[in-house]
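One letter stands for each residue in the lines below.
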Amino acid sequence: MPTDPAAPATPAPAASPHPARLGLGTAAVGRPGYINLGRDADLPAERTVDALRARTHALLDAAYAAGVRYLDTARSYGRAEEFLGQWLAEHPQAAAEVTVGSKWGYTYTAGWRTSGVAAHEVKDHSTAVYDRQIHETRTLLGDHLDVYLVHSVTPDSPALTDPALHHRLAALAADGVRVGLSTSGPAQADTIRRALAVTTGGRPLFTAVQTTWNLLETSAAPALAEAHSAGWLVVVKEAMANGRLAGRNATGPDAAPLRTLATRTGTTPDALALAAAAAQPWADIVLSGAATPAQLTSNLTAATLHPTPDDLAALAPMAQPAEAYWQTRAGLPWS
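Keep in mind that what you see is a predicted model, and the values were worked out from it rather than measured.

S.K.: Mind laying out the environment of glutamine 320, listing which residues take part and the relevant values?
M.R.: Along the chain, the position of glutamine 320 falls in the loop between α12 (309-315) and α13 (322-330). Its relative accessible area of 18% is what places glutamine 320 among the buried residues. Residues glutamine 320 and proline 269, 51 residues apart in the sequence, show an inter-C-alpha distance of 18 Å. In this view, glutamine 320 contacts Leu216, Arg244, Asp254 and Tyr325; residues no more than four positions away in its chain are not counted.

S.K.: If you had to explain the layout of surface pockets to someone new, which residues and values would you point to?
M.R.: Estimated volume of the largest pocket: approximately 780 Å³. Forming the walls of the largest pocket are 44 residues, and the residues nearest its centre are Ala27, Tyr34, Asn36, Glu238 and Asn242. Elements with a minimum of two residues in the lining of the largest pocket: α1 (39-42), β6 (147-153), β12 (285-288) and α11 (293-300). At four residues, the largest contribution of residues to the lining of the largest pocket is made by α11.

S.K.: Can you lay out the environment of serine 229 for me, pointing to particular residues and giving the numbers?
M.R.: The residue serine 229 is located in helix α8 (residues 221-229) in this model. For serine 229, a relative accessible area of 66% translates into the label exposed.

S.K.: Tell me about the pairing of β12, residues and numbers included.
M.R.: Residues Ile285 and Leu287 point to one face of β12 and Val286 and Ser288 to the other, with burial holding for every one of them. Pairing geometry for strand β11 (residues 233-237) and β12, over two bridges, is parallel. Note that in β12 the partner of valine 235 across the bridge is isoleucine 285.

S.K.: How would you summarise the sheet that holds strand β10 (residues 208-212) if you had to cite specific residues and measurements?
M.R.: The strand order β1-β2-β3-β6-β7-β10-β11-β12 describes a closed barrel built from eight strands, whose pairing is parallel. Direction aside, neighbouring strands of the sheet carry axes that sit 25 degrees apart on average. For β6 and strand β7 (residues 178-183), the ladder comprises five bridges, and the chain directions are parallel. In the strand pairing of β7, tyrosine 148 is matched with valine 179. In this fold helix α5 (residues 127-141) packs onto β3 (99-104) and β6, with an angle of close to 150 degrees to the strand it touches most, β3. Lying on the sheet, helix α7 (residues 188-196) is in contact with β6, β7 and β10; it crosses β7 at an angle near 160 degrees.

S.K.: Requested: an account of the nonpolar core, with residues and values cited.
M.R.: Membership of the largest hydrophobic core comes to 95 residues, with the highest contact counts inside it found for Leu169, Phe206, Leu215, Leu245 and Val286. Looking at this core element by element, the count peaks at eight residues for helix α10 (residues 269-278). Apart from residues lying up to four places away in sequence, leucine 215 is in contact with Leu245, Leu258, Ala273, Ala276, Leu315, Met318 and Ala319. Counting residues in each nonpolar core, the second largest holds eight residues, with Val147, Leu149, Val235 and Leu287 among its members.

The rules we used
- Residues numbered from 1 in each chain as written.
- Predicted model: local features only at pLDDT ≥ 70, side-chain atom pairs only at ≥ 80, totals over all residues.
- Heavy atoms only, no water.
- Helix = DSSP H or I, 4+ residues; strand = E, 2+ residues; numbered from the N terminus.
- Buried < 20%, exposed > 50% of the residue type's maximum accessible area, 1.4 Å probe, protein only.
- Contact = heavy atoms within 4.5 Å.
- 1 Å grid on protein atoms, 1.4 Å probe; cavity = no way out; pocket = protein on both sides within 12 Å on 5 of 7 lines; lining within 4 Å.
- Points joined across faces, edges and corners; volume = space filled by probe spheres on them.
- Pairing = 2+ DSSP bridges.
- Axes fitted to C-alpha atoms, helices over the stretch in contact; angles between N-to-C directions.
- Core = buried A, V, L, I, M, F, W, Y, C linked by side-chain atoms within 4.5 Å.

Dropping the structure here:
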């Protein structure tokens, strides 16, 4: 597990032929409602706490056995930190090998419901929320916290300007936890560049970023390359665009190049989308957001794919203006 927050974090070598550059995210299984497409088919009919705990543990078992060594969660993912903490306690060997990243700054407010909810999560990057949530995270994950990100930072976030918060985050970094941020929205590149300039005590504060990059939304790539060059850990989230690039949903004209290339190369759209993200020279970890073991198996075949420059060029026309992409994403229903 990484202990120096100033050094690039590299997960432990995979135990199987699958490289550790693919990680597992828990957003889709830590709570009953999320915006990924096709959840009615993905989750148990009764989305009880016990049912989703069992599903989360099954995915963690399969991911670890396949060589995945980066596990991602967040305070706002319902009970995902709890589920992951329990799994780590039950698997001490795995706990010693994996890198665990979590996020603070959103509070889960849905009360384990999927409908009739004004807001599933509420964002607040204040010091008061940090003080509460780092305690909650530590209670659930114990010493198994390697990366802690400010959740969904945008250019106007106080996380980029609040000296009191920076002091707290610097103390966490001094305690051996890599401190960073996740980004969302059409101004991801601006957010990353502003974060690169933040210092405390003459040293960079942030050394990790988790950003939405996929074949439809590529706007953050130049800034991510800058972050990678600065020694940051770069984690790609939403590489399948919340299911829009998964096989059963990749049916519209926007995904036509992906379907065509997947057919020609004998693979699946989800695996190819993940492989395209992993092919970016600045990407350290690419997350699978699988909700079923079958999805995870399909996703992890990305490790066997090696898109050529011509393949990536054939997929490049899929990229959309960032504003258009995020407008569509904002309209995806929680279910």
